[in-house]
Amino acid sequence: MNINITGPRVFWTAPWEVPILGKFQLSETILVSWLVMAIITLTCIILTRNLKVENISKRQALAEFIVEKLDNFVIGNMGERFRYMIPFVGALFATSLVSNLISLTGLRSPTADLSTEAGWAIVVFIMITHQKLKTNGLGGYLKGFTEPIFVMTPFNILGEFSTPVSMACRHFGNIFSGIVINALIYGALAVVSSAILGLIPGAVGAVISQIPIFSVGLPAITSVYFDWFTGCMQAFIFSMLTIMYIAVEAGDE
């Protein structure tokens, strides 16, 4: 679903789609996701141009700071043997962060579409399963479904698939709920603005009542939490859950 701004404020519609090559539909989520990838790629190119060993620029210092923090984040939580995970975790965090915050520009956030988080969760689930097979072998992996007793097998299988579902729904729910709450605030303030300003007699009141004056101010304040804070926090949480799930399954390998 999507939010369109018309009249007093907010109406719910399906995200627009553009038919391409017959039945193939190019949705807004896909287009904005490409834009997110383009922004991340361009940022990486800019930050890593003309790198030096001495007398580094502020741009290079920022790049080194980001890389250092990412190294500490992954290695500190997973261990040195998972150093190869740093690029993946960095890409996952950056994609989630930019996708969450791009709604500030007026574009529809890709993470407001459950299919985006579902795709990420499937990739993470495959990596977790691969780590289980690598650590325990196929026999040990299958045996784990029967522990602690055989009758728990159906519940263990259900629990196995609940990991990607919970990760996807948690991220999507927090981002989408923020969009809904902000939309409700915009809509409520627009209605209040129309009702109060409509009390002004004559043509002046009729014109001014159509302008959602009361929608200016408060939504910007709530956006600090629902867009900035929640967007950054959900990107961090999704990345943290990813590395913790994989690290736990690695055990004492």
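Here is what the cut-offs are and how they apply
- Residues numbered from 1 in each chain as written.
- Predicted model: local features only at pLDDT ≥ 70, side-chain atom pairs only at ≥ 80, totals over all residues.
- Heavy atoms only, no water.
- Helix = DSSP H or I, 4+ residues; strand = E, 2+ residues; numbered from the N terminus.
- Buried < 20%, exposed > 50% of the residue type's maximum accessible area, 1.4 Å probe, protein only.
- Contact = heavy atoms within 4.5 Å.
- Areas by Shrake-Rupley, 256 points an atom, 1.4 Å probe, with all protein chains shown as cover.
- 1 Å grid on protein atoms, 1.4 Å probe; cavity = no way out; pocket = protein on both sides within 12 Å on 5 of 7 lines; lining within 4 Å.
- Points joined across faces, edges and corners; volume = space filled by probe spheres on them.
- Nonpolar A, V, L, I, M, F, W, Y, C, P; charged D, E, K, R; others polar.
- Core = buried A, V, L, I, M, F, W, Y, C linked by side-chain atoms within 4.5 Å.
- Patch = residues over 30% accessible without salt bridge, like charges linked within 9 Å, V, L, I, M, F, W, Y side chains within 5 Å.
- Salt bridge = Lys/Arg side-chain N within 4 Å of Asp/Glu carboxyl O.
- Phe/Tyr/Trp six-rings, centres within 6.5 Å; stacked < 30°, edge-to-face > 60°.
- Axes fitted to C-alpha atoms, helices over the stretch in contact; angles between N-to-C directions.
- Parallel < 35°, antiparallel > 145°, perpendicular 65-115°, else oblique.
- Left-handed = near helix turned anticlockwise from the far one by under 90°.

Caption draft 1: Seen up close, the overall build of the chain. Counting its regular elements, the chain contains 7 helices and 4 strands. Of the regular secondary structure in the chain, the N- to C-terminal order runs β-β-β-β-α-α-α-α-α-α-α. In the chain, buried positions account for 34% of the 253 residues. Sequence-distant contacts in the chain: of pairs separated by 6 or more residues, those separated by 24 or more amount to 64%. Taken as a whole, the chain presents about 14900 Å² of accessible surface, with 72% of it coming from carbon and sulfur.

Caption draft 2: Region of the structure containing the layout of surface pockets. Estimated volume of the largest pocket: approximately 700 Å³. Looking at the largest pocket, it is lined by 25 residues, and the ones nearest its centre are Cys44, Ile66, Leu70, Gly90 and Ala94. Those elements giving two or more residues to the lining of the largest pocket turn out to be α1 (28-47), α2 (58-78), α3 (86-101) and α7 (218-250). Classifying every residue of the lining of the largest pocket gives 18 nonpolar, 5 polar and 2 charged.

Caption draft 3: Structural context of the nonpolar core. Among the nonpolar cores identified, the biggest contains 18 residues, and Val74, Met78 and Met85 are the most heavily contacted of them. Put simply, the parts of the chain that give this core at least two residues each are α2, α3, α4 (114-143) and α7. Here this core takes 5 residues from α7, the largest share from any one element. Leaving out residues up to four positions away in the same chain, Met85 has contacts with Val74, Met78, Met127 and Ile246.

Caption draft 4: Spatial organisation of a nonpolar patch on the surface. Together, Phe93, Tyr225, Phe229, Met233 and Phe236 give the surface a local cluster of nonpolar side chains, amounting to about 450 Å² of exposed area. Broken down by element, the residue count for the nonpolar patch peaks at 4 residues, all from α7. Of note, Phe93 is situated in helix α3.

Caption draft 5: Region of interest: the packing of aromatic side chains. Scanning all chains against the criterion turns up 6 aromatic pairs. When the centroid spacing of 5.6 Å and the interplanar angle of 45° are considered together, the rings of Phe73 and Phe236 count as tilted. Taken as a pair, Phe73 in helix α2 and Phe236 in helix α7 lie far apart in primary sequence, 163 residues in all. Judged by relative accessible area, which is 36%, Phe236 ranks as partly exposed.

Caption draft 6: Broad picture of unusual backbone geometry. Unusually for a residue other than glycine, Asn50 sits at a positive phi of about 55°. Examined against the element boundaries, Asn50 turns out to sit in the loop between α1 and α2. For Asn50, a relative accessible area of 56% puts it in the exposed group. Unusually for a residue other than glycine, Asn55 sits at a positive phi of about 50°. Considering the arrangement of structural elements, one finds Asn55 in the loop between α1 and α2.

Caption draft 7: Up close: the packing of α4 against helix α5 (residues 153-197). Interhelical geometry of α4 versus α5 gives an angle of 155° and a closest axis separation of 9 Å. With respect to α5, the element α4 is oriented roughly antiparallel. Note on packing geometry: the crossing formed by α4 with α5 is right-handed. Residue-level contacts link Leu114, Glu117, Ala118, Trp120, Ala121, Val124, Phe125, Ile128, Thr129, Lys132 and Tyr141 of α4 to Glu160, Phe161, Thr163, Pro164, Met167, Ala168, Cys169, His171 and Phe172 of α5. Among the residues making up the contact of α4 with α5, the classes are represented as 14 nonpolar, 3 polar and 3 charged.

Caption draft 8: Inspection of the pattern of salt bridges at higher detail. By the definition in use, this model includes 2 salt bridges. Where Arg83 meets Glu80, a salt bridge forms, and the shortest distance between an N and an O atom there is 2.7 Å. Of the residues examined, Glu80 reaches a relative accessible area of 49% and is grouped as partly exposed.

Caption draft 9: Geometry of the side chain of Thr230. In this fold, Thr230 is placed in helix α7. With residues up to four places along the chain from it excluded, the contact list for Thr230 reads Asn174, Ile175 and Tyr225.

Caption draft 10: Quick look at empty space enclosed by the protein. Inspection of the entire model under this criterion finds 2 cavities of 30 Å³ or more. Put simply, the largest cavity is a space of about 50 Å³. In terms of lining, the largest cavity is formed by Asn100, Ser103, Ser109, Ile175, Ile179, Phe226, Asp227 and Gly231. Elements with a contribution of two residues or more to the lining of the largest cavity: α5 and α7. Ranked by the residues each element gives to the lining of the largest cavity, the list is headed by α7, at 3 residues. Across the lining of the largest cavity, the residue classes break down as 3 nonpolar, 4 polar and 1 charged.

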